[in-house]
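Examination of the molecular architecture
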Amino acid sequence: MKIEQIYTGCIAHAAYYIESNGEAAIVDPLREVQPYIEKANKDNAKIKYIFETHFHADFVSGHLDLAKKTGASIVYGPTAKPNFESIVATDGQEFKVGGVTIKAIHTPGHTLESTCYLVTDETGKQHGIITGDTLFIGDVGRPDLAQELVEDLTQELLASHLYDSLRNKIMPLSDDLIVYPNHGAGSACGKNMSKETTDTLGNQKKVNYALRADMTKEEFIKELLDGLTPPPAYFPQNVLMNIQGYESLDAVMSKAETPLHPKEFEAVANQTDALVLDVRNENDFVKEHVPGSIFIGLHGQFAPWVGALIRDTKQPILLITPEGKEVETITRLSRVGFDNTLGFLLGGIEAWKAAGYETDSIESISPEVFASKYETAPVIDSRKPGEYTAEHVVNAKNIPLDYVNEQLAEVPKGEKFFIHCAGGYRSVIMSSILKSRGYHNMINVEKGMTGIRTTDVPLTAYVCPSTLK
């Protein structure tokens, strides 16, 4: 038996490839499916099944394209009602992949159809359990996503289901089972996942707060819901795409890989009300960019930030990318359901300038200059509340990038202000959004808190994040 975790760090996602005796299965595939097909071809194996642990919210699965290209059957757990041909497994149903047995274990809680898959090797030994968003390393799945689609499904009710699933279906299993989750640290599908992407079930029973043996259901619900922030706006849209179906990635790429000369680029932007998305490095964007464009750098957690800040997956998008990064950018947008890319600026910002068009910039200063001026204007900290609480510039105001759209009224309008994050990425994203909304009075602090800590700017006493709720 071969079982391989295929981890994609930019969206903290894990897919799985299982192969035995010339047959293969893919669990929770990403939108671009060719790598899975190539992996099976290399092993002279035929992909027989595509297992889905649930209707995903944070990415668009590649299940439909993969099934169409390979003839594999799509498998969901009990209660799933997809709008396409699939196998809806019964609780405990077993599937053979070569000599391997894969058993569906219905574990409602994260969503009603959430299902884990117990993998038993050719010798009959239980090897591991693929847990989807039911059980993570150090955490469990958030129970508030399905209520976006089913009104009477409260987060308390789903949390209650999750408690029962963990206690009755997962915890009785062998301690030496390997836990294979669908996500790792950085995913919005949980609160506090570990950076590790696998562990033994026995160790998780010792260290995972949600698996404490003496925990009551009431305590579990309280701890699980405590500090749970609203899910990103694109989550319900991705769920619907995964349930109802979507345009093939090949068609999306064909439309999006359209090079546009500057005049064409400007015309399409004006005719379609497209958002101009610049994915270059933040230092390049600060120096010069197309007026009105939004920055979300490709080198960071690009797709999750696109989903959190642009909100509508149907939004028309025009791209400004580093040379040679057009296909990667379009692919990563499609992973979170943004399929309406109309093309990219051929020749990038240099071609834009050569065509005689103006550029804009963002005022940006070094941490050392900030240290000499920080008392002269308000300071906006764009990090997450937990980062801010752990340590921040004295008297700084916290407006997290995640909620800039909701907290615009709190941004100083008529006076200069400084803005920073942890390392310089998020503050430029936020500055670009503010600038597109008519704010031109921000001063970005390069390197963020990483640089500020090297100066004598007064900071609050440090509180270890592990002690914070």
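The name given to the protein chain in an unreviewed UniProt entry is Rhodanese-like domain-containing protein, and the organism recorded there is Flavobacterium helocola.

1. Quick look at the overall build of the protein chain
Helices and strands together make up the secondary structure of the protein chain, namely 16 helices and 22 strands. Taken over the C-alpha trace, the protein chain has a radius of gyration of 24 Å; the compact-globule value for 469 residues is 23 Å, and the two agree within 12%. With the C-alpha coordinates aligned to their principal axes, the bounding extent of the protein chain is approximately 65 × 50 × 40 Å. By residue count, 58% of the 469 residues in the protein chain fall in the buried class. The contacts of the protein chain with a sequence gap of at least 6 include a subset with a gap of at least 24, amounting to 70%. Here the protein chain carries 44 positive and 63 negative side-chain charges, and the mean point of each set is 1 Å from the other.

2. With respect to the packing of aromatic side chains
Scanning the entire structure with this criterion turns up 15 aromatic pairs. Their ring planes at 45 degrees and their centres at 5.5 Å tell us that Tyr49 and Phe51 sit as a pair that is tilted. Of the residues examined, Tyr49 reaches a relative accessible area of 13% and is grouped as buried. With a centroid separation of 5.0 Å and 85 degrees between ring planes, the pair formed by Tyr234 and Phe235 is classed as edge-to-face. Phe235 carries the same exposure label as Tyr234, and that label is buried. Site record: aromatic cluster; members linked through ring pairs are Tyr49, Phe51, Phe95 and Tyr117. Over the face of the ring belonging to Tyr17 we find Lys39, whose NZ or CZ atom lies 6.0 Å from the ring centre. Its guanidinium or amino end placed over the ring of Tyr439, Lys413 lies 4.1 Å from that ring's centre, counting from NZ or CZ.

3. Observations concerning the packing of helix α10 (residues 302–310) against helix α15 (residues 425–436)
Packing of α10 against α15 leaves a shortest axis separation of 13 Å and a crossing angle of 30 degrees. The angle between the axes of α10 and α15 places the two elements in the roughly parallel class. The handedness of the crossing between α10 and α15 is right-handed. Where α10 abuts α15, its residues Phe302, Trp305 and Leu309 lie against Tyr425, Arg426, Ile429 and Ile433. Here the contact of α10 with α15 is composed, by residue class, of six nonpolar, no polar and one charged.

4. What about the nonpolar core?
Counting residues in each nonpolar core, the largest one holds 81 residues, and the members touching the most others are Leu277, Ile296, Leu309, Ile429 and Leu434. For this core, the leading source of residues is α10, giving seven residues.

5. Thoughts on the pattern of salt bridges
Evaluated as defined, the whole model comprises 26 salt bridges. The salt bridge partner of Glu288 is Lys353, with a shortest N-O separation of 3.0 Å. Taken together, the residues span a long stretch of sequence, with Glu288 in the loop between α9 (282–287) and β15 (294–295) and Lys353 in helix α12 (residues 348–354) at a distance of 65 residues. Assessed through its relative accessible area of 32%, Lys353 is described here as partly exposed. Salt bridges sharing common partners tie together Arg212, Asp214 and Glu223.

6. A few points about the UniProt feature "domain: Rhodanese" (unreviewed entry) in the protein chain
Per the UniProt record, the feature "domain: Rhodanese" (unreviewed entry) sits at residues 270–361 and 373–461. Each end of residues 270–361 is marked by a C-alpha atom, and these two atoms are 21 Å apart; helix forms 38% of the span and strand 16%. As a span, residues 373–461 carries 27% helix and 15% strand, and end to end its C-alpha atoms are 21 Å apart.

7. Observations concerning the state of the cysteines
Within the structure shown, the criterion is met by zero disulfides. Here Cys116 is not cross-linked by a disulfide; its sulfur's nearest cysteine counterpart is in Cys189, at 14 Å. With no disulfide of its own, Cys421 lies 19 Å from the sulfur of Cys10, the closest cysteine sulfur.

8. Concerning the sheet that holds strand β8 (residues 100–106)
Strand order in the open sheet formed by six strands is β7-β8-β9-β10-β11-β12, and the pairing between neighbours is mixed. Taken across any chain shown, the strands that pair with only one partner, and hence form the sheet edges, are β7 (94–97) and β12 (199–200).

9. What about the sheet that holds strand β19 (residues 379–381)?
One open sheet holds the five strands; their spatial order is β18-β22-β21-β19-β20, and the pairing between them is parallel. For this open sheet the edge positions go to β18 (364–365) and β20 (397–398), each flanked by a neighbour on one side alone. Looking at chain direction, β19 and strand β21 (residues 417–420) are connected through three bridges and run parallel. When the bridges of β21 are listed, Val379 appears paired with Phe418. Each of β19, β21 and β22 (442–445) is contacted by α15, which is oriented at about 165 degrees to β22, the strand it contacts most.

10. Here we look at the side chain of Glu282
As for its placement among the helices and strands, Glu282 is situated in helix α9. Put simply, Glu282 is tucked away with no salt bridge, and the nearest opposite charge, on Arg426, sits 9.9 Å away. In this structure the side chain of Glu282 is engaged in a polar contact, spanning 2.6 Å, whose partner is the side chain of His299. Every residue in contact with Glu282, bar those within four places of it in the chain, is listed here: Phe295, His299, Gly424, Tyr425 and Val428.

Conventions and cut-offs
- Residues numbered from 1 in each chain as written.
- Predicted model: local features only at pLDDT ≥ 70, side-chain atom pairs only at ≥ 80, totals over all residues.
- Heavy atoms only, no water.
- Helix = DSSP H or I, 4+ residues; strand = E, 2+ residues; numbered from the N terminus.
- Rg over C-alpha atoms; globule rule 2.2 N^0.38 Å.
- Buried < 20%, exposed > 50% of the residue type's maximum accessible area, 1.4 Å probe, protein only.
- Contact = heavy atoms within 4.5 Å.
- Lys, Arg positive; Asp, Glu negative; His and termini not counted.
- Charge placed at Lys NZ, Arg CZ, Asp CG, Glu CD.
- Phe/Tyr/Trp six-rings, centres within 6.5 Å; stacked < 30°, edge-to-face > 60°.
- Lys NZ or Arg CZ within 6 Å of the ring centre and 35° of its normal.
- Axes fitted to C-alpha atoms, helices over the stretch in contact; angles between N-to-C directions.
- Parallel < 35°, antiparallel > 145°, perpendicular 65-115°, else oblique.
- Left-handed = near helix turned anticlockwise from the far one by under 90°.
- Nonpolar A, V, L, I, M, F, W, Y, C, P; charged D, E, K, R; others polar.
- Core = buried A, V, L, I, M, F, W, Y, C linked by side-chain atoms within 4.5 Å.
- Salt bridge = Lys/Arg side-chain N within 4 Å of Asp/Glu carboxyl O.
- UniProt positions renumbered as here; feature names shortened; annotations may be inferred.
- Disulfide = S-S within 2.5 Å.
- Pairing = 2+ DSSP bridges.
- Polar contact = N/O pair within 3.5 Å; in protein donor to acceptor, adjacent residues only side chain to side chain.

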